[in-house]
Amino acid sequence: MIRVLFLGGAGMIGSACAAEAVRQGLDVTVVTRTARSVPEGVRHIQAAARDVADLDGYDSVVNWVGYSPADLHLDAAAGQYVFISTCSIFARPAALLPITESTPRSNLAWPYPSGKVACELELEAAHRSRGLPMTIVRPTHVYDDTVIPVLPGWTAIDRMRQGKPVVVHGDGTSLWNLTHSADFARAFVPLLANPHTIGESVNVCSDELLTWDQIHLALAAAAGVRSPKLVHRASETVEAEVPGWNPVLTHDFGHTVIYDTTKLKRLVPGFTPRIPFARAAHDIIAHYDADPSRQKIDEKLAAAFDRLAG
């Protein structure tokens, strides 16, 4: 049986991957500070992932919580060391679409992607110099039933239901990629202990392309709103009213992204995403409607939307 160790992984993506790994017959151990979100059938070690020194005996070790080179295990003795990076590292705007694994990693204007790039460079150097059996996995924008994948969150849904305007950055037509966590997990697990992935990086995402208007309209339809009032404003104008959205809009969400999944499908033959966003949107709304305490409204953001809609 393949033995896998997750360093971190208590979040939405890691939990889905741990559950899928168990379903596929892997022996999974997760190291987190708390037992929250540890799926059934997964062994749990309560500790800080960074404090784990002994990685021997595992066929694959997955680092879910690497944000700077100090978080890496460059002397890992495991059969495979998997680093969870991000597709946000790629140049925005991309000089050439679709984005592949070799697209320049030059989105360094904010700490999250720049830290991931620094980690990738350290791992690649260790692989070249001493054969570290590393694999870099880059998720795109991953969501599940608990995540409303637009920056306003439930505030947008509440305003749609009230007939109030919801601000969408740009003209609403830039293309974006959303991947359900269950689809991500089905693509991710076959990469574990896979000798063909050693020394490689792979972008893991769905093939579904959506404009930001389409994302908002799918959520509106799921919420029972037939004609939501979408107001379009330049990203810079939005950020002036909602400073907390910078740099995400300027350096990520505000640009079209189209990913090439050729490499993923070579490594995971037969992988096809199963969950389109139009269907998932209904599950998201149902999750929030099932418990009104989940419906958090940001009054400052709502006021900013009113000013932007003007």
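Look up: the structure comes first, before these words.
Values in this document were obtained by computation on a predicted structure and should not be read as measured data.

*Asks:* Give me the lowdown on the sheet that holds strand S7 (residues 141-143), citing residues and values where you can.
*Replies:* Taken in spatial order, the 3 strands make up an open sheet running S7-S9-S11, and their pairing is mixed. Lying at the two open borders of the sheet, with one neighbouring strand each, are S7 and strand S11 (209-211). Averaged over all pairs of adjacent strands, the angle between their axes in this sheet comes to 50°, without regard to strand direction. Examined bridge by bridge, strand S9 (residues 175-180) and S11 share 3 bridges and lie antiparallel to one another.

*Asks:* Please set out helix H5 (residues 212-222) residue by residue, giving values where relevant.
*Replies:* Burial within H5 is extensive, with 8 of its 11 residues counted as buried. Trp212, Asp213, Ile215, His216, Ala218, Leu219, Ala220 and Ala222 are the residues of H5 that are buried.

*Asks:* Go over the packing of aromatic side chains with me, naming the residues and quoting the values.
*Replies:* In total, this model carries 11 aromatic pairs according to the counting rule given. Ring centres 6.5 Å apart and planes at 45° place the aromatic pair Tyr67 and Tyr112 in the tilted group. Of the two residues, Tyr67 is situated in the loop between strand S4 (60-63) and strand S5 (81-84) and Tyr112 in helix H2 (residues 111-130); the sequence distance between them amounts to 45 residues. For Tyr67, a relative accessible area of 42% translates into the label partly exposed. Take Tyr112: its relative accessible area is 34%, and that puts it in the partly exposed class. Centre to centre, the rings of Trp245 and Phe305 are 6.1 Å apart; their planes meet at 80°, and the pair counts as edge-to-face. On the criterion of sequence distance, the pair formed by Trp245 in the loop between helix H6 (235-241) and helix H7 (248-253) and Phe305 in helix H10 (residues 299-309) is long-range, its members being 60 residues apart. Taking relative accessible area as the criterion, Phe305 reaches 0% and is therefore assigned buried. Here a set of aromatic residues connected by ring pairs shows up, and it is made of Phe6, Trp64, Phe184 and Phe188.

Parameters and conventions
- The numbering scheme is per chain: residues are counted from 1 as the chain's sequence reads.
- For this predicted model, a pLDDT threshold of at least 70 governs which residues receive local features, and a threshold of 80 or more governs which side-chain atom pairs are given and counted, while totals over whole chains, interfaces and linings are taken from all residues.
- Side-chain descriptors were evaluated using all non-hydrogen atoms of the structure, hydrogens and water having been removed beforehand.
- Two strands qualify as a pair provided that DSSP identifies no fewer than 2 bridges between them.
- Secondary structure elements follow DSSP: runs of H or I no shorter than four residues count as helices, runs of E no shorter than two count as strands, and numbering proceeds from the N terminus.
- To obtain each axis, a line is fitted to C-alpha atoms, and for helices this fit is confined to the stretch in contact; angles are then taken between N-to-C directions over 0 to 180 degrees.
- Only protein chains enter the accessibility calculation, which uses a 1.4 Å probe; a residue whose area is less than 20% of its type maximum is buried, one above 50% is exposed, and one in between is partly exposed.
- Whether two aromatic rings pair depends on their centres lying within 6.5 Å, for rings of Phe, Tyr and Trp, where Trp uses its six-membered ring; planes under 30 degrees apart make the pair stacked, over 60 edge-to-face, and the rest tilted.

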